[in-house]
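# Reading the structure
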Amino acid sequence: MQDHNEMAREAIERAKGNVVHSIAETMDLYGVTPSAGRLYGTMYFENAMTLDEMKEELKMSKPSMSTAVRTLQEINVVHKTWQKGSRKDVFVAEKNFFKSLIHFFCIKWMREVRLNLEAIEMSEKDLQAVIQDSKVDKAIRAEAERHYELIHESKKYYYWLETLVESFETGDIFRYLPIPDDDKK
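Residues numbered from 1 in each chain as written. Predicted model: local features only at pLDDT ≥ 70, side-chain atom pairs only at ≥ 80, totals over all residues. Heavy atoms only, no water.

Our next topic: helix α4 (residues 62-74). In this model, α4 (13 residues) spans 18 Å end to end at C-alpha, consistent with the 18 Å of a helix rising 1.5 Å per residue. Considered for burial, the residues of α4 that qualify are M65, A68, V69 and L72. Down the axis, α4 shows its buried residues gathered within 100° of arc, on one side only. Structural note: α4 exposes P63 and E74 on the side pointing more than 90 degrees away from its buried face. Close packing links the buried residues of α4 with α2 (34-44), α3 (51-58), β2 (78-81) and β3 (90-93). Positive backbone phi, at 65°, marks N76, one or two positions downstream of α4. (Helix = DSSP H or I, 4+ residues; strand = E, 2+ residues; numbered from the N terminus. Expected span 1.5 Å × (residues − 1). Buried < 20%, exposed > 50% of the residue type's maximum accessible area, 1.4 Å probe, protein only. Arc of directions from axis to C-beta. Contact = heavy atoms within 4.5 Å.)

What follows is the structure in structure tokens.
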């Protein structure tokens, strides 16, 4: 019986290891180092962990662990929580991938929208000044018009991206792409 239980424990650890490894490998999409990805994957299977428990489990230095936890908090996949009877900071992993994906990508997409629309607005003003200046050579004004039309047209994408973010934040996206009820595709 002991051998059977031991084999079962090994199978569980192997299964967890496979998932932790795949999470660590894909966390680069989020700008996260593999070690921070391993930490998130490890925490995914735990209810709550202190920095000391993380350090022990992953054999990382406390400063490295603190940096990894801070990175994971910044992208909202790890949260600090309070645990009765503990004076140490306790952290839990976000287990809802939909929630963490939405939060992460909405932040990134809105940053893209804001930065690019600001740049387009400034550029449109500069190009309009060139286009309207009758002292500027006709060929240069035509070039400015082509550039103006090009960047003006790109605003459609950023407005669309804003709408996409809003559909994620409000949950409207799930009317068109519902979350499956089970493991069926």
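Let's shift gears to the sheet that holds strand β1 (residues 49-50). The strand order β1-β3-β2 describes an open sheet built from 3 strands, whose pairing is antiparallel. Looking along the sheet, the strands with just one partner apiece sit at the ends: β1 and β2. Two elements, β2 and β3, share 4 bridges in a ladder whose sense is antiparallel. Residue pairing across strands places H79 opposite V92, the latter belonging to β3. The strands touched by α4 within the sheet are β2 and β3, with β2 carrying the most contacts at an inclination of about 105°. (Pairing = 2+ DSSP bridges. Axes fitted to C-alpha atoms, helices over the stretch in contact; angles between N-to-C directions.)

Structurally, the protein chain comprises domain 1 (2-95) and domain 2 (98-176). Taking only C-alpha atoms into account, the centre of domain 1 sits 38 Å from that of domain 2. Across the boundary between the two partners, domain 1 contributes 6 residues, which contact 6 residues of domain 2. Contact with domain 2 buries area across many residues of domain 1, yet Y30, N76 and E94 alone supply 67% of it, more than any other trio. In this structure, the connection of domain 1 to domain 2 is made through 1 salt bridge. Taking the shortest distance from any N to any O, the salt bridge between K99 and E94 comes out at 3.9 Å. Inspection of the domain 1/domain 2 interface yields 0 residue pairs in polar contact (both at pLDDT 80 or more). Considering only residue class, the side of domain 1 that touches domain 2 consists of 4 nonpolar, 1 polar and 1 charged. (Domains from an automatic or database assignment. Buried area = accessible area lost by both parts, 1.4 Å probe. Salt bridge = Lys/Arg side-chain N within 4 Å of Asp/Glu carboxyl O. Polar contact = N/O pair within 3.5 Å; in protein donor to acceptor, adjacent residues only side chain to side chain. Nonpolar A, V, L, I, M, F, W, Y, C, P; charged D, E, K, R; others polar.)

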